[in-house]
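Coordinate analysis (summary)
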Amino acid sequence: MRSLIRTHATEFSLLAVIIVISTVLSFATANFFSLGNAFDLLNISAVNIIFAVGLLVVLIAGGIDISFAVSASVVQYCTAIVLGWIGGGGWVSGLLIAASFGVLLGCVNAFLIHRFRIISIVATISTFNIYFGLLMFFTRGVSIYDLPDWLTDRVILFEHEMPDGTWIEITLPVLVMVICVIATWMLITRTTIGRQLYAFGDNPEGARRFGINIGAMQFIAFGWLGLMAGIGGLIQAHYAQEVVPNALYGRELDVLAAVVLGGARLGGGKGSVLGCVLGVLLISITQNGLNLMGVSPFAFKMIVGAIILLAITLSNTRIERLVPFVGQKGGGR
């Protein structure tokens, strides 16, 4: 049991916190503890989880990227324009186009970081401003509402009528999110590339001496995040049924807070998909509960900032210092 707790300490801690917060909110609000609200949380959190698993790979590789949300906005517009050129397309062509644009933007970050030896946070701050500036300049802040029917039509995977006559449902974004989560889990835990990403993030110089291609690791990590940003951007357009230039602006900090809270270390070499997903759910549950309680959204931003600070502090603190018995190798019966 101690070995299991030691190995998955972050995930156990997050799950416990989620249970406590959910219990408190169920008493504090009338509608929180309901199946309909749970399904709504899952649908709303889908895009953030897609972004989060992409960012997780970058953090594991020792990098950081704050441009992915703006990249997703750029992908939305570019995909909508290309779909118009080809006569509307379909889900397959739409996902391929969005994924291609996303990978391209991610590889731009990787190229800047690898070729010019720019620190990843500096490079992505630059591309964040460049991408957003270009997007607002060319679109003039105008939204796109004329989208293909297949993109705006809701795809319901599961629905159920409640006793009060309301309907609860699971929609397409949840399915896409599950696929992205599984694909990321397989990448980082079941492939040689995944092991190399962990090794590179934990000790870049040691990885280089061991023969790991440093450039390839950076392009894979940032390219994967670009892929998730592209897919997430298209799914966000489907969910909102429109393309808004600043709809995703500012979401990068919420996602970063969730991923670091989920156990990903900013120094690289550590992180899990389960912790990442639990981190996003904790943030979403907190926001949902505060909204139901009528708390100002500005207060939530303060809470996110505090979560980032707490997560960074805990990421630099050994779990044995927080839970002493975890570090004990033996004990009396």
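Across its full length, the protein chain carries 15 helices and two strands. Here the C-alpha atoms of the protein chain give a radius of gyration of 21 Å, agreeing with the 20 Å that 2.2 N^0.38 yields for 333 residues. Along the longest, intermediate and shortest principal axes, the C-alpha atoms of the protein chain span 70 × 60 × 35 Å. Relative to its 333 residues, the protein chain shows a buried fraction of 49%. Sequence separation of at least 24 residues holds for 76% of the intrachain contacts in the protein chain that already meet a minimum separation of 6. Of the accessible surface of the protein chain, which amounts to about 16700 Å², a share of 66% is contributed by carbon and sulfur atoms. Considering the protein chain, the positive charge centre built from 18 side chains and the negative charge centre built from 16 side chains are found 22 Å apart.

Here we take up the nonpolar core. Grouped together as the largest cluster of nonpolar side chains are 62 residues, with contacts concentrated most on F51, L55, L56, L59, F68 and V259. In terms of residue count, helix 3 (residues 35–60) provides more of this core than any other element does, 14 residues in total.

On to unusual backbone geometry, then. In this structure, R117 takes a positive phi of about 55° despite not being glycine. Locating R117 in the fold gives a position in the loop between helix 5 (91–116) and helix 6 (120–139). Unlike most non-glycine residues, Q241 shows phi in positive territory, near 60°. Structurally, Q241 can be placed in the loop between helix 11 (214–240) and helix 12 (251–261).

Reading the values: rules and limits
- Residues numbered from 1 in each chain as written.
- Predicted model: local features only at pLDDT ≥ 70, side-chain atom pairs only at ≥ 80, totals over all residues.
- Heavy atoms only, no water.
- Helix = DSSP H or I, 4+ residues; strand = E, 2+ residues; numbered from the N terminus.
- Rg over C-alpha atoms; globule rule 2.2 N^0.38 Å.
- Buried < 20%, exposed > 50% of the residue type's maximum accessible area, 1.4 Å probe, protein only.
- Contact = heavy atoms within 4.5 Å.
- Areas by Shrake-Rupley, 256 points an atom, 1.4 Å probe, with all protein chains shown as cover.
- Lys, Arg positive; Asp, Glu negative; His and termini not counted.
- Charge placed at Lys NZ, Arg CZ, Asp CG, Glu CD.
- Core = buried A, V, L, I, M, F, W, Y, C linked by side-chain atoms within 4.5 Å.

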